[in-house]
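# Secondary and tertiary structure notes
Listed below are the residues making up each chain.
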Amino acid sequence: MLQRIQTLYTLAYIIITILAIVRFPIPLDDNPERIYGVLSNMPYLFVLLASVSLMLFSKRSFQLVLNRLILVTSIGYEVFELVDVFEQFDSLKQLILIHYSLVLLSWIFLLLANRYIKKDEALIRSVDRLR
């Protein structure tokens, strides 16, 4: 499991995402009428799903779908978060820049993991054709 490069990329995604949400969190509006309580915990769900994806190393197609789902929902969440804190951009400028640079780096690692999962799947299919 750990000898696969996509596992290392997924681990890098998990570590960078945890660093971004623990060390550089973006404060959301705590209005009880809105669903920000649930939304503020979404990055932890992304980390949990990425951890589950690590355990699914033998089911590459499901792992690929799960990583794509994590990527799309993570992008949606971060866009929503950026729109929400856009008014506070001047006061949180440094925090936002660091947070989103880490998030962008984590997305790159997840895309690289997906690329190598596809390569691994293609390799397995080509070996099966030779049998």
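Note that the structure is a prediction, hence the values are computed from the model and not measured.

All told, the structure shown has three aromatic pairs when counted by the stated rule. Ring centres of Tyr-9 and Tyr-116 lie 5.7 Å apart, and the angle between their planes is 35°; this geometry places the pair in the tilted category. Here Tyr-9, found in helix α1 (residues 5–22), pairs with Tyr-116, found in helix α5 (residues 93–130); they are 107 residues apart in sequence, far enough to count as distant. Note on Phe-46 and Tyr-77: the rings are 6.1 Å apart at their centroids and 70° apart in plane angle, and the pair reads as edge-to-face. You can see Phe-46 sitting in helix α3 (residues 42–55) and its partner Tyr-77 sitting in helix α4 (residues 60–84), a full 31 residues away along the chain. Taken together, Tyr-9, Phe-109 and Tyr-116 form an aromatic cluster joined through their ring pairs. Seen from the ring of Phe-24, Arg-23 lies directly overhead, with NZ or CZ sitting 5.5 Å from the centre.

On to the side chain of Ser-74, then. For Ser-74, the location among the structural elements is in helix α4. Setting aside anything within four residues of it in sequence, one finds Ser-74 in contact with Tyr-13, Phe-46 and Trp-107.

Okay, the pattern of salt bridges next. Going through the model one piece at a time under the given rule, you end up with two salt bridges. Of the charged contacts, one joins Glu-121 and Arg-60 as a salt bridge, the two residues approaching to 2.8 Å between their closest N and O atoms. Here the residue Glu-121 occupies a position in helix α5, and Arg-60 occupies one in helix α4, the gap between them amounting to 61 residues. The shortest N-O distance in the salt bridge between Arg-125 and Glu-121 comes to 3.2 Å. Here Arg-125 and its partner Glu-121 are both found in helix α5, four residues apart, which amounts to about one turn of the helix.

Reading the values: the criteria
Residues numbered from 1 in each chain as written. Predicted model: local features only at pLDDT ≥ 70, side-chain atom pairs only at ≥ 80, totals over all residues. Heavy atoms only, no water. Phe/Tyr/Trp six-rings, centres within 6.5 Å; stacked < 30°, edge-to-face > 60°. Helix = DSSP H or I, 4+ residues; strand = E, 2+ residues; numbered from the N terminus. Lys NZ or Arg CZ within 6 Å of the ring centre and 35° of its normal. Contact = heavy atoms within 4.5 Å. Salt bridge = Lys/Arg side-chain N within 4 Å of Asp/Glu carboxyl O.

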